[in-house]
Amino acid sequence: MTKLSREDKVNLCLFNLFRKDPLAFTRHLFKATSNRRFVVGNHHAIIADKLSQILNGTHPTNKLIINIAPRYGKTLLVSQMFIALGMAVNPKSNFLHLSYSKSLATQNSVAVKDIIESDEYQRLFPWTAIKAGEDTKAEWATTAGGCMYATSTLGQITGFGAGVVQDEGGQYEFSGAIVIDDPIKPVEALSDNVREQVNQRFENTIRSRTNNRNTPIIIIMQRLHEHDLCGYLMEKEPDLWDVVSLPCLMVDDNGEEHSLWPFKHTVEELHRLRGADSFVYETQYQQNPRPMEGLMYESFRTYDIMPLEDNRKKFYKNYTDTADTGSDFLCSISYVEYPTAMYVTDVIYTKKPMEYTENVTAEMLVRNDTALALIEGNNGGRGFARNVEHNVRLLGNMKMRFVTFTQSKNKNVRIYTRSAEVQNLVYFPTGWERRWPEFAHDIKAFRREGHNAHDDGPDVLSGMCEHFGESVQIMSDEEVLDALL
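Keep in mind it's a predicted model, so treat the numbers as computed, not measured.

1. Regarding the overall build of the protein chain
Per the secondary structure count, the protein chain includes 18 helices and 16 strands. Taken over 485 residues, the protein chain has a buried fraction of 52%. In the protein chain, 73% of the contacts between residues at least 6 apart in sequence involve partners at least 24 apart. Accessible area for the protein chain stands at about 23100 Å²; split by element, carbon and sulfur atoms hold 48% of it. In the protein chain, 53 side chains carry a positive charge and 64 a negative one; their mean positions are 5 Å apart.

2. Regarding helix α16 (residues 437-444)
If you check which residues of α16 are buried, you get F439, A440, D442 and I443. Those residues of α16 hidden inside the fold are in contact with β12 (330-337), β13 (342-350), β16 (426-429), α15 (432-435) and α17 (456-466).

3. A closer look at the sheet that holds strand β7 (residues 242-246)
Judged by pairing direction, the sheet is mixed, and its 7 strands sit side by side in the order β3-β4-β2-β5-β6-β1-β7 without closing on themselves. The open sheet has two edge strands, β3 (139-141) and β7, and neither has a second partner. Ignoring which end each strand starts from, the neighbouring axes of this sheet average 10° apart. Together, β1 (63-68), β2 (94-99), β3, β4 (147-152), β5 (178-181) and β6 (217-221) form the strand contacts of helix α4 (residues 74-89), whose direction differs from that of β5 by roughly 165°.

4. Notes on the environment of K74
Following the sequence through the fold, K74 ends up in helix α4. The class of K74 is buried, set by a relative accessible area of 4%. Sequence separation of K74 and W261 is 187 residues, and the distance between their C-alpha atoms is 13 Å. Sequence-distant contacts of K74, that is, excluding residues within four places in its chain, are made with I68, A69, S79, D181, D182 and I220. A distance of 2.7 Å separates a polar atom in the side chain of K74 from a polar atom in the side chain of D181.

5. Describing the pairing of β16
Neither face of β16 is left uncovered, since the one carrying V426 and F428 and the one carrying Y427 and P429 both have all their residues buried. Bridge analysis of strand β10 (residues 301-303) against β16 gives 3 bridges, and the strand direction is parallel. Looking at β16, one finds that T302 is bridged to F428. Strand direction decides the pairing type here: β13 and β16, joined by 2 bridges, are parallel. When the sheet's bridge partners are listed, M342 is paired in β16 with V426.

6. Remarks on the packing of aromatic side chains
Within the structure shown, the criterion is met by 27 aromatic pairs. For the pair F18 and F25, a centre-to-centre distance of 5.6 Å together with 75° between the ring planes defines the contact as edge-to-face. By relative accessible area, F25 is classed as buried at 0%. The interplanar angle of 80° and the centroid separation of 5.2 Å between the aromatic rings of Y303 and Y343 together place this pair among those described as edge-to-face. Of this pair, Y303 sits in strand β10 while Y343 is found in strand β13, placing the two residues 40 residues apart along the sequence.

7. Notes on the pattern of salt bridges
The final tally for this structure, using the stated rule, is 18 salt bridges. Across the pair D182 and K74 runs a salt bridge whose closest N-O atoms are separated by 2.8 Å. Here D182, found in the loop between β5 and α7 (192-204), pairs with K74, found in helix α4; they are 108 residues apart in sequence, far enough to count as distant. A residue is classified by how much of its surface remains accessible, and D182, at 14% relative accessible area, is buried. Its salt-bridge partner being R447, residue E226 comes within 2.4 Å of it at the nearest N-O pair. A residue pair is termed long-range when its members are at least 10 positions apart, and E226 in the loop between β6 and α8 (229-236) and R447 in the loop between α16 and α17 qualify at 221 residues.

8. Here's the deal with the sheet that holds β13
Strands sit in the order β10-β16-β13-β12-β11-β14-β15 across an open sheet of 7 strands; the sheet is mixed. With partners counted over all chains shown, the strands left at the sheet margins are β10 and β15 (401-405), one partner each. With strand direction ignored, the average angle separating the axes of adjacent strands in the sheet is 30°. Relative to strand β14 (residues 372-376), strand β11 (residues 315-321) runs parallel, the two sharing 4 bridges. Across the sheet, residue T320 finds its bridge partner in β14, namely I375. Those strands touched by helix α11 (residues 354-367) are β11, β12, β13, β14 and β15, and its axis lies near 165° from that of β13. Sheet contacts for helix α12 (residues 381-394): β11, β12, β14 and β15; angle to β15, the most-contacted strand, approximately 175°.

9. Quick word on the environment of R6
Mapped onto the elements, R6 comes out in helix α1 (residues 6-20). Among the residues examined, R6 registers a relative accessible area of 71% and is labelled exposed. Measuring from C-alpha to C-alpha, the distance between R6 and Y319 comes to 69 Å, with 313 residues separating the pair along the chain.

10. What to know about the nonpolar core
In this structure, F25, F82, F95 and Y121 are the most contacted members of the largest nonpolar core, which totals 54 residues. Counting residues per element, this core draws most heavily on α4, which supplies 11 residues. Sequence-distant contacts of F95, that is, excluding residues within four places in its chain, are made with F82, I83, G86, M87, C147, M148, Y149, F174, G176, A177 and V179. F300, Y319, I415 and L425 belong to the second largest nonpolar core, which has 32 residues in total.

Conventions used here
Residues numbered from 1 in each chain as written. Predicted model: local features only at pLDDT ≥ 70, side-chain atom pairs only at ≥ 80, totals over all residues. Heavy atoms only, no water. Helix = DSSP H or I, 4+ residues; strand = E, 2+ residues; numbered from the N terminus. Buried < 20%, exposed > 50% of the residue type's maximum accessible area, 1.4 Å probe, protein only. Contact = heavy atoms within 4.5 Å. Areas by Shrake-Rupley, 256 points an atom, 1.4 Å probe, with all protein chains shown as cover. Lys, Arg positive; Asp, Glu negative; His and termini not counted. Charge placed at Lys NZ, Arg CZ, Asp CG, Glu CD. Pairing = 2+ DSSP bridges. Axes fitted to C-alpha atoms, helices over the stretch in contact; angles between N-to-C directions. Polar contact = N/O pair within 3.5 Å; in protein donor to acceptor, adjacent residues only side chain to side chain. Phe/Tyr/Trp six-rings, centres within 6.5 Å; stacked < 30°, edge-to-face > 60°. Salt bridge = Lys/Arg side-chain N within 4 Å of Asp/Glu carboxyl O. Core = buried A, V, L, I, M, F, W, Y, C linked by side-chain atoms within 4.5 Å.

Shown next, in the form of structure tokens:
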């Protein structure tokens, strides 16, 4: 048995560390090859964790989508360092790398080759070397039989594949991947023809370039359109793709805004980007692609202070629609109704189970001094209403009235016919998009025609308008006693 030298032991420890933590590999090799420090953000650790799962065969699907803004280190981390590390893990690996531009894909190919040929990489991983005499900028091989081929998304890839043919019943061994970095050019993303070309190219050609069922496919890009390649795949195969969406501006549970990577953009800088071009901001920086035309709602009214009117003229209400299916949201909106408008004060918009929503809905109703709670009774809504009412009574409110009813009208017709009333009668508090980002995204992106992923928010807003002007008195003492008995 050969005794390892101290240096060999250290290198072996580093190899095991890098395989578990591609971010550590990136920082180490970036410093060694560029003589500069790699500035780490939290998003780099999130991405690296997914790449580690891919390398070690623990990723649940081997199909990974990462959506993140441009210039946030995605190309260096995924399209360069990950491939170089993959070649160290298995020098027989076959990689297929694609981008919207052949020149960009070729640049990444050259960068990977430069990393492998660097002194530090060769010191750490001498078993991986570039085969001499057959390498070009876009296509090269290792002495162990691995290879990399880089071209454009719509370029020639027939005859090239990713991964290595393996015994399906054998132990998992990483052997390469398809790595797609920005499959469509931002200025072409609004072209239906170009988007369809890219989507069909993936479907008809790229998908089949895997050499075994375990070969990973990684797509990393900024969102550019609701029906870009990521949108297409998430709609077509929602259960097959692990989607990591990393918006630049995040809102915590307390409503506080935080920048994803302050080194790149502060909160104030992101606000300025949003003011300059809201479409680019929502798609490329927030990963929330919105249609540019055909929207159901053109704008929403906001308020800073509610009207100073006679308290007898206002009524505290709530409208709740429970989730119809597992993919739907429970949407519950508390609001103050005046004779001329409704002022939203609180929103719950979540996919969490009833055990959670029954409690938080009751707390919201009590917190907002609700007098009348309107709850759609369809699909388990009546049981939900009974449990929420029970929780409200436990919280000490004995006079709130609950009205449960069956909604029999066509949802799409209701939303369409009430859209003008929603825009005229409903006021949101200033900054509401930051307080309830998922809710805001789904109603602002709701289209008059075509597919809408979620209609729960528009449904509740329409219901509020349908019941506008209806007031049911709070429960009398006698009714409270009857309810308790």
